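# Architecture at a glance
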Amino acid sequence: MTVHTATMGALRLHPNVALRPEPFGALAYHYDTRRLVFLRHPQLVDVVHALHEHTDLDTTMDALDIAETLRGPFQRAIANLAEAGIVITRDDEKDSS
Amino acid sequence: MTTLADQMKRGLDAPICLTWELTYACNLDCVHCLSSSGRRDPRELTTDEAIAVIDELRRMQVFYVNIGGGEPMLRRDFFTIIDHATTSGVGVKFSTNGTYIDTDAARRLAAMDYLDVQISIDGADAATNDLVRGQGSWDTARRAMDALAAADFGEFKISVVVTRENVTQLDDLLTIADSYGAQLRITRLRPAGRGADTWHQLHPTDAQQRDLYHWLLERGDRVLTGDSFFHLNALGDPLPGLNLCGAGRVVCLIDPVGDVYACPFVIHDEFRAGNVRDPGGFAAVWNSSELFAELREPGSAGACASCGAYDACQGGCMAAKFFTGLPLDGPDPECVSGHGAAALAAATTAPRPDQDHSRARAHAAAAAVPVTLGRR
């Protein structure tokens with residue numbers, strides 16, 4: 001199943017996921033599923049941390065001035081993180097607009 | 001962009017897969033025990049020291065720790081230690097022979113979050129298992145599994161070291177795991193600890209290794225392997241998982257007395273990086289030990305450089321080479337292209353494991369062990 005970030009709306013890091021900084025980006029560990037996932041770009045880590053402050057992925061990337069060339073790869077990365085349950089949708093869109 | 005494997009080879013800021021042997025005490029006397037366990041060591045970490053290790057792992061964001069031994073449940077403070085870990089965000093996966101998982105212990109374990117339990121068996125029937133793990137150990141392990149199931153623990157793990165005797169029973173082992181709703185985990189036999197003496201008779205034959213590789217290609221999604229069979233990748237399509245030796249890079253071992261080794265399979269002074277009691281504790285050992293810095297340098301393919309399969313198998317397992325007397329930059333003793341067998345024939349001596357907490361030899365001799373225990 002492929003998750004399309006464009007239709008996902010407001011996102012956040014799952015509360016039971018820990019992110020550990022690493023030279024290449026970060027390691028994400030999901031305590032519920034015991035899944036370990038690699039975030040392989042430092043700015044992708046910034047994006048994941050900032051998701052909950054913005055209405056969706058695109059506005060998060062706008063706010064962080066993510067370069068055009070990185071947006072496609074980051075969209076795919078976030079979709080993968082959503083499939084792994086690391087990133088989830090949130091229902092509180094009204095307080096972030 | 002460099003590959004993930006390249007990044008991992010240079011080491012991470014903290015281990016992903018940290019094994020912590022809590023005690024050398026064990027009520028069993030398995031012939032392949034990696035840590036030659038049996039008797040408790042008087043220098044083992046105190047409860048306070050163990051708690052301090054967990055606090056340090058939490059600060060380093062080590063997400064989980066693989067606890068083993070010896071038999072970790074023999075420590076009187078076992079529950080204190082794992083309670084502290086799991087409530088501070090350091091998940092626990094612990095390996096046990098199951099002797100001390102009775103109804104009460106199973107309930108207690110089932111009530112904890114972030115806890116995985118692995119019950120070790122080494123065969124799909126009592127006869128096969130008990131040859132390696134000792135008489136009665138099969139019944140003991142099955143009682144522990146029954147207790148976990150009765151306590152509604154959920155999905156526990158059944159951990160099997162693949163040997164010449166049980167490699168033909170993998171389907172049966174899967175059936176046993178399925179019957180409990182458990183997950184099967186199979187790992188590679190290493191010539192470490194007491195295994196240094198028994199490996200030559202117990203490790204799978206070349207033909208069995210090929211069968212194992214194909215079994216893993218077909219069934220690999222249903223079993224955990226700790227990525228321990230990457231030396232088989234030279235046979236064709238790579239098996240799922242990390243294809244590299246993680247020693248000192250993403251993996252390490254803390255032994256019961258606090259010594260830190262590059263991996264659980266090389267308890268030997270040559271691979272000792274430091275001790276958690278040293279100034280700076282575990283973090284200093286992980287970040288600045290000379291040994292680990294060396295292991296994070298790009299490796300040389302050595303004698304394997306001319307072999308087309310090197311990229312696939314990465315020369316195999318460092319520990320397997322070390323304890324069979326092979327050069328670390330040469331083929332794995334179980335090299336699927338046959339280079340290991342040739343190298344083994346040429347190896348005249350092998351380093352001895354330099355720790356031995358085995359109980360009196362008379363005991364092992366009395367056990368129903370088919371392999372010759374060529375003890376010093």
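Residues numbered from 1 in each chain as written. Chains lettered and ligands numbered in written order. Predicted model: local features only at pLDDT ≥ 70, side-chain atom pairs only at ≥ 80, totals over all residues. Heavy atoms only, no water.

## Some words on the overall build of chain B
A count of helices and strands for chain B gives 15 helices and ten strands. Here the C-alpha radius of gyration of chain B, 20 Å, is about what a compact globule of 376 residues would show, namely 21 Å. Among the 376 residues that make up chain B, the fraction classed as buried is 59%. Pairs at least 24 residues apart make up 70% of the contacts formed inside chain B by residues separated by at least 6 positions. In chain B, the 34 positive side-chain charges and the 49 negative ones have mean positions that sit 3 Å from each other. (Helix = DSSP H or I, 4+ residues; strand = E, 2+ residues; numbered from the N terminus. Rg over C-alpha atoms; globule rule 2.2 N^0.38 Å. Buried < 20%, exposed > 50% of the residue type's maximum accessible area, 1.4 Å probe, protein only. Contact = heavy atoms within 4.5 Å. Lys, Arg positive; Asp, Glu negative; His and termini not counted. Charge placed at Lys NZ, Arg CZ, Asp CG, Glu CD.)

## What to know about the sheet that holds strand S3 (residues 91-96) of chain B
Residues and elements named next belong to chain B. With respect to topology, ten strands assemble into an open sheet ordered S7-S6-S5-S4-S3-S2-S1-S8-S9-S10, the strand pairing being mixed. Looking at strand neighbours, the two that pair on one side only are strand S7 (223-224) and strand S10 (272-275), the edges of this open sheet. Relative to strand S6 (residues 183-188), strand S5 (residues 157-162) runs parallel, the two sharing six bridges. Across the sheet, lysine 157 pairs through a bridge with glutamine 183, a residue of S6. (Pairing = 2+ DSSP bridges.)

## Some remarks on the packing of helix H3 (residues 78-87) of chain B against helix H4 (residues 103-110) of chain B
Residues and elements named next belong to chain B. Between H3 and H4, whose axes approach to 12 Å, the crossing angle comes to 15°. In terms of orientation, H3 and H4 fall into the roughly parallel class. Both H3 and H4 take part in a crossing whose hand is right-handed. Contact with H3, carried on its side by Phe79, Ile82 and Asp83, involves Ala105, Arg108 and Leu109 of H4 and no other residues of that element. Split by residue class, the contact of H3 with H4 holds four nonpolar, no polar and two charged. (Axes fitted to C-alpha atoms, helices over the stretch in contact; angles between N-to-C directions. Parallel < 35°, antiparallel > 145°, perpendicular 65-115°, else oblique. Left-handed = near helix turned anticlockwise from the far one by under 90°. Nonpolar A, V, L, I, M, F, W, Y, C, P; charged D, E, K, R; others polar.)

## Brief notes about the pairing of strand S4 (residues 35-39) of chain A
Within a regular strand, side chains alternate between the sheet's two faces. Residues and elements named next belong to chain A. The pairing of strand S3 (residues 25-30) with S4 spans five bridges and is classified as antiparallel. For alanine 28, the partnering residue across the bridge sits in S4 and is valine 37. Here S3 folds back onto S4, and the loop between the two strands holds four residues, one of which, arginine 34, carries a positive phi near 65°.

## Overview of the side chain of glutamate 22 of chain A
Mapped onto the elements of the fold, glutamate 22 of chain A is located in strand S2 (residues 17-22). Given a relative accessible area of 6%, glutamate 22 of chain A falls into the buried group. From its side chain, glutamate 22 of chain A meets the backbone nitrogen of aspartate 13 of chain B in a polar contact 2.7 Å long. Not counting residues up to four positions away in its chain, the partners in contact with glutamate 22 of chain A are Leu27 of chain A together with Leu12, Asp13 and Ala14 of chain B. (Polar contact = N/O pair within 3.5 Å; in protein donor to acceptor, adjacent residues only side chain to side chain.)

## Remarks on the environment of isoleucine 101 of chain B
Residues and elements named next belong to chain B. Among the secondary structure elements, isoleucine 101 is positioned in the loop between S3 and H4. Each C-alpha atom of the pair isoleucine 101 and glutamine 209 lies 34 Å from the other, and the pair is 108 residues apart in sequence. Every residue in contact with isoleucine 101, bar those within four places of it in the chain, is listed here: Met73, Thr96, Ala106, Leu109, Val117, Ile119, Ala144, Ala147 and Leu148.

## Re the side chain of serine 159 of chain B
Its location among the elements puts serine 159 of chain B in strand S5. Residue contacts for serine 159 of chain B: discarding those within four places in its chain leaves Gln118, Ile119, Ser120, Ile121, Asp122 and Arg185 of chain B.

## Examining the interface of chain A and chain B
Of the residues lining the interface, 16 residues belong to chain A; the matching set on chain B comes to 21 residues. Counting the surface lost from both chain A and chain B, the interface buries some 1700 Å², and carbon and sulfur atoms represent 59% of this. It is Arg20, Tyr31 and Arg40 of chain A that lose the most area in chain A upon contact with chain B, and together they represent 41% of the buried surface on that side. Between aspartate 116 of chain B and arginine 34 of chain A there is a salt bridge, and its shortest N-O distance comes to 2.9 Å. Where chain A packs against chain B, one counts seven residue pairs in polar contact (both at pLDDT 80 or more). (Buried area = accessible area lost by both parts, 1.4 Å probe. Salt bridge = Lys/Arg side-chain N within 4 Å of Asp/Glu carboxyl O.)

## What to know about the environment of valine 266 of chain B
All names here are of chain B. Relative to the elements of secondary structure, valine 266 occurs in the loop between strand S9 (259-261) and S10. Among the residues examined, valine 266 registers a relative accessible area of 0% and is labelled buried. With 13 residues separating them along the chain, valine 266 and leucine 253 place their C-alpha atoms 8.9 Å apart. What valine 266 contacts, discounting residues up to four positions off in sequence, is Tyr261, Phe271, Met318, Ala319 and Phe323.

## Here's the deal with unusual backbone geometry
A negative phi angle characterises most non-glycine residues, just as the trans form characterises most peptide bonds. The peptide bond linking glycine 69 of chain B to glycine 70 of chain B adopts the cis configuration, its omega dihedral lying at 15°. Here glycine 70 of chain B is to be found in the loop between strand S2 (64-68) and H3. Although it is not a glycine, arginine 34 of chain A sits at a positive phi angle of roughly 65°. Located in the positive-phi region is serine 36 of chain B, a residue other than glycine, with phi close to 45°.

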